[in-house]
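Spelled out, the chains give:
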Amino acid sequence: MRYADTGFDLEIDLTRGSIEKVPNDPRDTELFLGGQGIAAKILFERVPPETDPFSEDNLLIFSAGLLHGTPAPAANRTAVNTLSPQTGLMSHSLFGGFFGPELKYAGYDRIIIRGRSPTLVYLYIHNDTVEIRDAAHLHGMGCTETGDVLKAELHDQGFQVAAIGLAGENRVFMASIDHNYASAARGVGVIMGDKRLKAIAVRGTKDVNIAKAAELFPITHEIHQKMAKSDGCGDWMAVDEDDSFHHNHFAWGNARTRRKDFWSDELQERWTRLKYDHMDRQTGCYNCPKKCRNVISWPGKRRFGYKCFGKDTYHMAAFLELDFSYEILGDAQEYGVDSYSTPQVMAFALELLEDGILSRDDFPGMPDDKRGQFFWLLEKIVRREGIGDILADGVSAAAKRIGKGAEKYDHNTTKKFEQLPIKLGKLNPAYFLMIATGEKMSITQIEGSFPQDPLPTKEQREEFVAKWEAVPDEKFKQYFLEWEKRNEIADERTCEIVDWNEAMHYIDDAIGTCGFVSSFRGQFGGSVPYHMNNLPQIISLASGMEVTKESLWKNFQRIRTLVRAVNVRRGLRREHERPPEDHWAVRDEQYEQALLSMYYKFKGWNEEGIPTRDTLERLDLGWVADDLEARGILEPASTVTARTGTAG
């Protein structure tokens, strides 16, 4: 009997119209846990590196986490993986809600989709009944609207629906997949649209087997109660109305302008009234006591929900205020576009207009006021009309197509993907490494275990570490106690800190736990519900596998290294590992490159950022080394030894 896992995947070929229920390998669970981990293995094994993301051979994989459907609270983040047409690399996205656990209850660990349907379809899953159904009547519908229509048609509000909007249908690169006001963005909605798959509706009523339920339940029940009572987990932006951090420190417009003194007590009071005067309720995800999503009804617009920094992105890009975000978010979410990157693309276009690189002829009929301009651009982008057809490919690709100096305005991307619009002073070494080498496309999917900045006094630092139970090793407490200036920390420590930050996210994304109760919240100190010290026991009791802190850390290293291997086969090299050039005001190229080399060595990669054979074999990935050597990407160990006198 399989525990925690169901033991089965759904294989869907939309070209052939075929559906298969396929047993999966328990050894994969031991090595990669689930979620993004096994998805990376599937992409490496089954999608050749020369595959175009818009090829029928590209896969779109929806993965439940290993702990989905178990008593573990806040295990609800579904991973979506594919190859991105924007970056050319592996795309990784997550969404919360109820979809992943429902998929497990239907009897499946993941859905693996290849091919392309000749017409618009949706996937119907109700336990053992799986069908590819016509979706012509859903064409052009919004994400939430699609879910509402399908639930009504199926006469069961228990169906969990993940859908694309018009942006996905039109292959907009910023297209997202939406489920219950939770969005999977960063390059996955465009592939769902390319495959002509409008939605997936899943309903499950089966059990998920737990290895030692009687021992697991008291532990998870205690965690659930701890989460409910604690303000040290969940998305604090859902309830804390002081958003001075983002508005004073993040960049506005096309990620260029900082407004350090924008926030005020009067503004906070006014925006708080604006929010609560229009908020229907706050909602949470499956088996979680926190309510991190604000659901807003704005006059004349469809109801929408938001969490985290997503509420700020549109009005900061337009130099407006919160009411503008409330006006546009309902439309943008129904169209299904990423609220992190899309506003930056719009601001980029308007900056090109202001500086004469584009002309009014490129924007026929666009209003003169800023609100009208953003709504006009949204319509053009999601429909791929006129200038919108160019902008729909993101800033980097649009800048190249436009030319005439537009490339210099592409200043906030890494690996061709828009980053959070942050402009700071002195370089933070750990963040340099995370942004440069990160393969999750967003710093929020990398940071979070170690604080961003030191505390000013020794007493404050001592108070912080006294409650810091998430550290996997006591040395991190000492690092923090001795840290006094952001940019002054030993390089060796920087590598270890980045490694820990990555570890928690890669584990979360494999077992399906939310970063707001784990990987992202450790930086704020206090008691974090999930960490490296308690997860081994929870995973062991749920799955029946013997998991230790050491073996779990090796799981992380294996998954992270395999994701790296997927991308180096796709052409990722050292030259691509650069944060936005003006992310920090003070830069030192020589230091940055030396730090990057140190990090590569720490990870067991060569000077091009390619994992060595020694590293791959140590992580049970010798077959990956064989592939990289056969393709000429990795030098055979014997050649390296002969040339340098050292192996690897």
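The structure under discussion appears in the preceding block.
What you are looking at is a predicted structure, and each value in this text was computed from that prediction instead of being measured.

1. Focus: the sheet that holds strand 4 (residues 78–83)
- Overall, mixed pairing links the six strands, which are arranged 2-1-6-3-4-5 in an open sheet. Strand pairing shows two members of the sheet lacking a second neighbour, strand 2 (18–23) and strand 5 (90–95), which therefore form its edges. If you compare each strand with its neighbour and ignore which way they point, the axes differ by 15° on average.
- In the sheet, strand 1 (residues 8–13) pairs with strand 6 (residues 110–114) via five bridges, with the strands oriented parallel. In the sheet register, D13 faces strand 6, and the bridge partner there is R114.
- The strands that helix 2 (residues 35–46) touches are strand 1, strand 3 (60–63), strand 4, strand 5 and strand 6; relative to strand 4, the one it contacts most, it runs at about 20°.
- Docked against the sheet, helix 3 (residues 99–106) engages strand 3, strand 4, strand 5 and strand 6, running at close to 95° with respect to strand 6.

2. Focus: helix 16 (residues 429–437)
- Taken across its nine residues, helix 16 has nine buried, putting it largely inside the fold.
- Those residues of helix 16 that fall on the buried side of the exposure criterion are P429, A430, Y431, F432, L433, M434, I435, A436 and T437.
- One side-chain oxygen of the residue at the start of helix 16 lies 3.1 Å from the amide nitrogen of A430, identifying that residue as N428.

3. Points about the sheet that holds strand 16 (residues 293–296)
- Strand order in the open sheet made by the three strands is 15-16-17, with antiparallel pairing throughout. Of all strands in the sheet, those with a lone pairing partner are strand 15 (279–283) and strand 17 (304–306), marking the two edges. When the angles between neighbouring strand axes are averaged without regard to direction, this sheet yields 25°.
- Two elements, strand 15 and strand 16, share four bridges in a ladder whose sense is antiparallel. Bridged to T283 within strand 16 is R293.
- Here helix 9 (residues 265–278) sits on the sheet in contact with strand 15, strand 16 and strand 17, set at roughly 85° to strand 15.
- Together, strand 16 and strand 17 form the strand contacts of helix 11 (residues 322–335), whose direction differs from that of strand 17 by roughly 105°.

4. Section: the environment of L621
- By the element assignment, L621 lies in the loop between helix 23 (613–618) and helix 24 (622–630).
- We classify L621 as buried; its relative accessible area is 0%.
- Setting aside residues up to four positions removed in sequence, L621 forms contacts with F32, R558, T561, L562 and L616.

5. As for the packing of helix 19 (residues 491–511) against helix 21 (residues 549–569)
- It is at 9 Å that the axes of helix 19 and helix 21 come closest, and there the two elements cross at 90°. As judged from the angle between their axes, helix 19 and helix 21 are roughly perpendicular. Residues D499, W500, E502, A503, Y506, I507 and A510 of helix 19 touch helix 21, and the partners they reach there are L552, W553, F556, I559, R560 and V563.
- Among the residues forming the contact of helix 19 with helix 21, the class breakdown is ten nonpolar, no polar and three charged.

6. Digging into the pairing of strand 8 (residues 129–134)
- As paired strands, strand 7 (residues 121–126) and strand 8 are joined by six bridges and run antiparallel to one another. Residue pairing for strand 8: I125 is matched across the bridge by V130.
- Here strand 7 folds back onto strand 8, and the loop between the two strands holds two residues, one of which, N127, carries a positive phi near 55°.

The rules behind these values
Residues numbered from 1 in each chain as written. Predicted model: local features only at pLDDT ≥ 70, side-chain atom pairs only at ≥ 80, totals over all residues. Heavy atoms only, no water. Pairing = 2+ DSSP bridges. Helix = DSSP H or I, 4+ residues; strand = E, 2+ residues; numbered from the N terminus. Axes fitted to C-alpha atoms, helices over the stretch in contact; angles between N-to-C directions. Contact = heavy atoms within 4.5 Å. Buried < 20%, exposed > 50% of the residue type's maximum accessible area, 1.4 Å probe, protein only. Polar contact = N/O pair within 3.5 Å; in protein donor to acceptor, adjacent residues only side chain to side chain. Parallel < 35°, antiparallel > 145°, perpendicular 65-115°, else oblique. Nonpolar A, V, L, I, M, F, W, Y, C, P; charged D, E, K, R; others polar.

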